[in-house]
Amino acid sequence: MAEAVPVRCPACQRENGYISPVFPCACGSPVTPPLDPAAAPLPLTHRTWQDSWVTVRCGACGRESEWPHPEVGCGSCGTVVLVPVLPPEPPASAVEEEPGAGAGAESGAPGAGSGVRRDGGPSGPVPAGAASRSPGPAGAAGGRGRSPVSRPPFRPVTIRTARDAVATAALYLRWLGFRDVRQPDGVPIPSAAVDLRAPGVVAQVDPTTAPAGLRAVECVWLNGLTASATSVYFALAGYTEEARSRADDLGIPLFVMDLTGMPQPLNDPADALVGRGA
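Conventions used here
Residues numbered from 1 in each chain as written. Predicted model: local features only at pLDDT ≥ 70, side-chain atom pairs only at ≥ 80, totals over all residues. Heavy atoms only, no water. Helix = DSSP H or I, 4+ residues; strand = E, 2+ residues; numbered from the N terminus. Buried < 20%, exposed > 50% of the residue type's maximum accessible area, 1.4 Å probe, protein only. Contact = heavy atoms within 4.5 Å. Areas by Shrake-Rupley, 256 points an atom, 1.4 Å probe, with all protein chains shown as cover. Core = buried A, V, L, I, M, F, W, Y, C linked by side-chain atoms within 4.5 Å. Expected span 1.5 Å × (residues − 1). Arc of directions from axis to C-beta. Axes fitted to C-alpha atoms, helices over the stretch in contact; angles between N-to-C directions. Parallel < 35°, antiparallel > 145°, perpendicular 65-115°, else oblique. Left-handed = near helix turned anticlockwise from the far one by under 90°. Lys, Arg positive; Asp, Glu negative; His and termini not counted. Salt bridge = Lys/Arg side-chain N within 4 Å of Asp/Glu carboxyl O. Polar contact = N/O pair within 3.5 Å; in protein donor to acceptor, adjacent residues only side chain to side chain. pLDDT = per-residue confidence, 0-100.

A few points about the overall build of the protein
When you go through the protein residue by residue, the secondary structure sums to seven helices and 14 strands. By the burial criterion, 44% of the 278 residues in the protein qualify as buried. Restricting the contact set of the protein to residue pairs at least 6 apart, pairs at least 24 apart contribute 59%. For the protein, the computed accessible surface area is about 13,500 Å², with 54% contributed by carbon and sulfur atoms.

The structure is reproduced here in structure tokens:
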């Protein structure tokens, strides 16, 4: 199971928990960007296409692919922070660790320089050993007296547009166990957030670059209260301090999404939801 690592926000010095996403290599093995704990995180002030990607080498076949650069939204001030990543290790290191896999690594080397961008990753099967990896701190929630729900690892979808953010939130809700997740028909709500509904859950997705505020959190709580359902909020840019505090008081799970498409639980209700599922 993946463990959260602390990432200090350079703006407000708050430590935010971050869990590295797991991507599927073309060979089917899980690939995780190696974080650099010695480097200082940097605030993302201007997004460029080149800085949004990082090269990661697969430890099983040696293939180098480009994946979204890890980043996390600060839950206190809303600053988007780039998480430092180590450069790819030379193929010789993998050969030294597994002498029997040398021939396989060498045979896969020609495909490493193909330059093909694998945005969403191939749809190949994930090995059984990767099934124990969980994108959320479910183990923490399970340690509170409830066993964590057994489910396959969540496969993120790279976020480039607001529509991608909504699709990611819908996929994540289905991964949690909610069925028939959809966007209701009718007149859009008077905000940039997108409404998602499913039996037992009402969710808001905020794909903007501004932190979600107090009013947004209270609105999704009222919608859930009216529908007798769990209220959930997803945001790309985090939340204001007032919104965080109010969500904790109301028991609303808050999630932050980054460009990798991996929602991160931001408070205790979110941890509990990941642990128990729908």
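As for the nonpolar core
Here is a general trend for soluble globular proteins: nonpolar side chains tend to be buried in one another's company. Membership of the largest hydrophobic core comes to 27 residues, with the highest contact counts inside it found for L173 and F234. Of all the secondary-structure elements, those providing two or more residues to this core are α4 (162-176), β10 (194-198), β11 (201-206), β12 (230-235) and α7 (268-276). Per-element accounting of this core gives the leading share, eight residues, to α4. Beyond its immediate chain neighbours, meaning those up to four positions away, L173 contacts F178, V181, L196, V201, A203 and F234. Membership of the second largest hydrophobic core comes to 17 residues, among which are Y18, L35, W67 and C74.

Focus: helix α5 (residues 214-227)
Helix length check: α5 (14 residues) gives 20 Å between terminal C-alpha atoms against 20 Å at 1.5 Å per residue, within 8%. Those residues of α5 not exposed but buried are V217, V220 and G224. Within α5, the buried residues cover an arc of 65° as seen down the axis, which keeps them to one side. Along α5, the residues that are exposed and aim more than 90 degrees away from the buried face are R215, L225 and T226. Elements that come into contact with the buried residues of α5 comprise β11, β12 and α6 (241-250). Positive phi shows up at S228, right after α5, with a value of about 55°.

So, the packing of α5 against α6
Across the interface, α5 lies against α6 with an axial gap of 8 Å and an inter-helix angle of 25°. On the basis of the axis angle, α5 is roughly parallel to α6. In this structure, the crossing between α5 and α6 has a hand that is right-handed. On α6, the residues touching L214, V217, E218 and W221 of α5 are E242, A243, R246, A247 and L250.

Comments concerning the environment of P37
Relative to the elements of secondary structure, P37 occurs in the loop between β4 (30-31) and β5 (42-43). For P37, a relative accessible area of 80% translates into the label exposed. For the pair P37 and P84, spaced 47 residues apart in sequence, the C-alpha separation works out to 7.4 Å.

A word on the side chain of R244
With respect to the helices, strands and loops of the structure, R244 is situated in helix α6. Within the buried set, R244 has no salt-bridge partner at all; the shortest N-O distance to an opposite charge, 5.0 Å, is to D248. At a separation of 3.0 Å, a polar atom in the side chain of R244 contacts the main-chain carbonyl oxygen of G75. If we ignore the near neighbours within four places in the chain, the residues touching R244 are R14, G75, S76, Y239, L254 and L266.

Things to note about the confidence of the model for the protein
When the pLDDT values of the protein are averaged, the result is 75; 73% of them are 70 or greater. Mean pLDDT across the secondary structure elements of the protein bottoms out at helix α3 (residues 138-142), with 38, and peaks at strand β13 (residues 254-256), with 94. Here residues 93-145 scores under 50 on pLDDT; set against residues more than four positions off or in separate chains, the count is 79 contacts. Contacts of residues 186-190 to residues separated by more than four positions or lying in other chains number one contact, the stretch itself having pLDDT below 50.

Quick look at the pattern of salt bridges
Scanning the entire structure with this criterion turns up four salt bridges. Note that E64 and R57 form a salt bridge whose closest N and O atoms lie 2.5 Å from each other. The partly exposed category is assigned to E64, whose relative accessible area is 30%. Residue R57 is classed as partly exposed on the basis of its relative accessible area, which comes to 22%. When the shortest N-O distance is used, the salt bridge between D195 and R197 registers 3.1 Å. On the basis of relative accessibility, which here comes to 12%, the residue D195 falls in the buried class. With relative accessibility at 28%, the residue R197 sits in the partly exposed group.

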